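Secondary and tertiary structure notes
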Amino acid sequence: DQQVKQNSPSLSVQEGRISILNCDYTNSMFDYFLWYKKYPAEGPTFLISISSIKDKNEDGRFTVFLNKSAKHLSLHIVPSQPGDSAVYFCAASANTGNQFYFGTGTSLTVIP
Amino acid sequence: DTGVSQDPRHKITKRGQNVTFRCDPISEHNRLYWYRQTLGQGPEFLTYFQNEAQLEKSRLLSDRFSAERPKGSFSTLEIQRTEQGDSAMYLCASSLAGTGNQPQHFGDGTRLSIL
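Summary of the structure given here. Along each chain, residues carry numbers from 1 onward, in the same order as the chain's sequence is written. Going through the entries in the order they are written, you letter the chains from A and number the ligands from 1. In keeping with the predicted nature of the model, local features appear solely for residues at pLDDT of at least 70, side-chain atom pairs appear and are counted solely at 80 or more, and the whole-chain, interface and lining totals rest on all residues. Just so you know, side-chain values use all the structure's heavy atoms and leave hydrogens and water out.

**Re the packing of aromatic side chains**
When two rings of Phe, Tyr or Trp (its six-membered ring) have centres within 6.5 Å they constitute a pair, described as stacked for plane angles under 30 degrees, edge-to-face for angles over 60, and tilted for the intermediate range. Following the criterion strictly, the structure yields 15 aromatic pairs over all chains and no others. Taking 5.6 Å as the distance between ring centres and 50 degrees as the angle between the ring planes, the aromatic pair formed by Tyr36 of chain A and Phe102 of chain A counts as tilted. Residue Tyr36 of chain A is found in strand 4 (residues 32-38), and its partner Phe102 of chain A is found in strand 10 (residues 101-102); the two are separated by 66 residues along the sequence. For Phe102 of chain A, a relative accessible area of 5% puts it in the buried group. Aromatic pair Phe65 of chain B and Tyr90 of chain B: ring centres 6.5 Å apart, planes at 40 degrees, arrangement tilted. Taken together, the residues Phe65 of chain B in strand 7 (residues 65-68) and Tyr90 of chain B in strand 9 (residues 88-95) connect sequence positions 25 residues apart. On the accessibility criterion, Tyr90 of chain B (0% relative accessible area) is buried. By the ring-pair criterion, three or more aromatic residues cluster together here, those being Tyr36, Phe46, Phe89 and Phe102 of chain A together with Tyr35, Phe45 and Phe106 of chain B. Sitting over the ring of Phe74 of chain B, Arg22 of chain B keeps its end group 3.9 Å from the ring centre. Here a helix means four or more residues in a row that DSSP labels H or I, a strand means two or more in a row labelled E, and each is numbered from the N terminus. Each residue gets one of three labels from its accessible area relative to the maximum for its type: buried under 20%, exposed over 50%, partly exposed in between, using a 1.4 Å probe on protein chains only. In this analysis the charged atom, NZ for Lys or CZ for Arg, is taken to sit over a ring once it is within 6 Å of the ring centre and within 35 degrees of the ring normal.

Structural data, given as structure tokens:
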């Protein structure tokens, strides 16, 4: 059973506009959420994370929002750049340091 | 700052052969994880170590799979009697254990192809 879901396999956005990537989860025990970015032939690269005690975390152009009641998180990229084109995975864990559960990824294409 | 290193990057072998992969984590990281990723899916957890102790194993880790981290530094993942279904990307990650949550940092993986 897929505990972390990314329902949009792909997303295209114009350069300079906002990219919004969405993720839903089912396990109410999850307390730590992350976004990873993956280029072809490379491993996932950590982007940004959020703890369940917060509802927003920002790092430069990247902001993650967490809605615990809806079991939903999103990643906003503003402004989007062509170099942001990659597959984005959201991940979650239920306790410190144990396994992460990953979604199936969303392929973002930023059009110049 | 050296990241997580995996070797080899690619492995092609015939069904029934044994294969072994190596992972060198970030040097100060005491936690090490193995994941498997197939096409169109996210990484799936296989097992993790804290120092040399293997603390958790997924049900995905059949008894043909064994992982070791003998001195709490590098780790090996061995697959015996490989099957077609073992074809996948095998990813290693490491993190620091400590207070609070820590992200896992991934290597570039070993792609296994079973002929």
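**Some thoughts on the pairing of strand 8 (residues 75-79) of chain B**
Residues and elements named next belong to chain B. Here strand 8 shows a clear split, with Ser75, Leu77 and Ile79 buried on one side and none of Thr76 and Glu78 buried on the other. Bridge analysis of strand 3 (residues 19-24) against strand 8 gives 5 bridges, and the strand direction is antiparallel. Bridge pairing in strand 8 places Thr20 opposite Glu78. Bridge count between strand 7 and strand 8: 4 bridges; the pairing is antiparallel. Pairing of Ala67 across the sheet is with Leu77, part of strand 8. One bridge is not enough; two strands pair if DSSP finds at least two bridges between them. Count of turn residues in the strand 7/strand 8 antiparallel hairpin: 6 residues, of which Gly72 carries a positive phi of about 75 degrees.

**With respect to the nonpolar core**
In terms of nonpolar packing, the biggest core is built from 23 residues, with Phe33, Trp35, Leu73, Leu75 and Tyr88 of chain A touching the most fellow members. Those elements giving two or more residues to this core turn out to be strand 3 (19-25), strand 4, strand 5 (45-51), strand 7 (62-67), strand 8 (72-77), strand 9 (86-93) and strand 11 (106-111) of chain A. Broken down by element, the residue count for this core peaks at 4 residues, all from strand 9 of chain A. If we skip the residues at most four places from it in the chain, Phe33 of chain A touches Tyr25, Ile48, Ser49, Ile50, Ser52, Leu66, Leu73, Ala91 and Ala92 of chain A. What makes a nonpolar core is a set of buried Ala, Val, Leu, Ile, Met, Phe, Trp, Tyr and Cys residues whose side-chain atoms join them at distances within 4.5 Å. With 19 residues, the next largest nonpolar core counts Leu61, Phe65, Leu77 and Ile79 of chain B among its residues. Only heavy atoms enter the contact rule, under which two residues are in contact if any of them lie within 4.5 Å.

**Some details on the pattern of salt bridges**
Residues and elements named next belong to chain B. The term salt bridge refers to a pairing of a side-chain nitrogen on Lys or Arg with a carboxyl oxygen on Asp or Glu at a separation within 4 Å. The final tally for this structure, using the stated rule, is 5 salt bridges over all chains. Between Asp24 and Arg22 there is a salt bridge, with the nearest N and O atoms lying 2.7 Å from each other. A relative accessible area of 27% places Asp24 in the partly exposed class.

**Quick word on the sheet that holds strand 8 of chain A**
Residues and elements named next belong to chain A. With respect to topology, 5 strands assemble into an open sheet ordered 1-3-8-7-6, the strand pairing being antiparallel. What marks the edges here is a single partner per strand, and that holds for strand 1 (4-5) and strand 6 (56-59). The sheet contact formed by strand 7 and strand 8 spans 6 bridges and is antiparallel. Residue pairing across strands places Phe62 opposite Ile77, the latter belonging to strand 8.

**Overview of the state of the cysteines**
Simply put, disulfide is the name for a covalent bond between the sulfur atoms of two cysteines. Working definition: a disulfide is two cysteine sulfur atoms within 2.5 Å of each other. Applying the stated criterion across every chain, the model contains 2 disulfides over all chains. Shown here is the disulfide that connects Cys23 of chain A with Cys90 of chain A, its sulfur atoms set 1.9 Å apart. Taking the torsion about the sulfur-sulfur bond, which here is approximately 65 degrees, the covalent link between Cys23 of chain A and Cys90 of chain A counts as right-handed. Of this pair, Cys23 of chain A sits in strand 3 while Cys90 of chain A sits in strand 9, placing them 67 residues apart in sequence. A single burial state applies to Cys23 of chain A and to Cys90 of chain A, both of which are buried. Across the disulfide from Cys23 of chain B sits Cys92 of chain B; the S-S distance is 1.9 Å. A torsion of -70 degrees about the S-S bond marks the disulfide between Cys23 of chain B and Cys92 of chain B as left-handed. Linking Cys23 of chain B in strand 3 with Cys92 of chain B in strand 9, this pair joins segments that are 69 residues apart in sequence. For the residue pair Cys23 of chain B and Cys92 of chain B, the accessibility class agrees, reading buried in each case.

In short, the description is geometric, and any link to function would need to be established separately.
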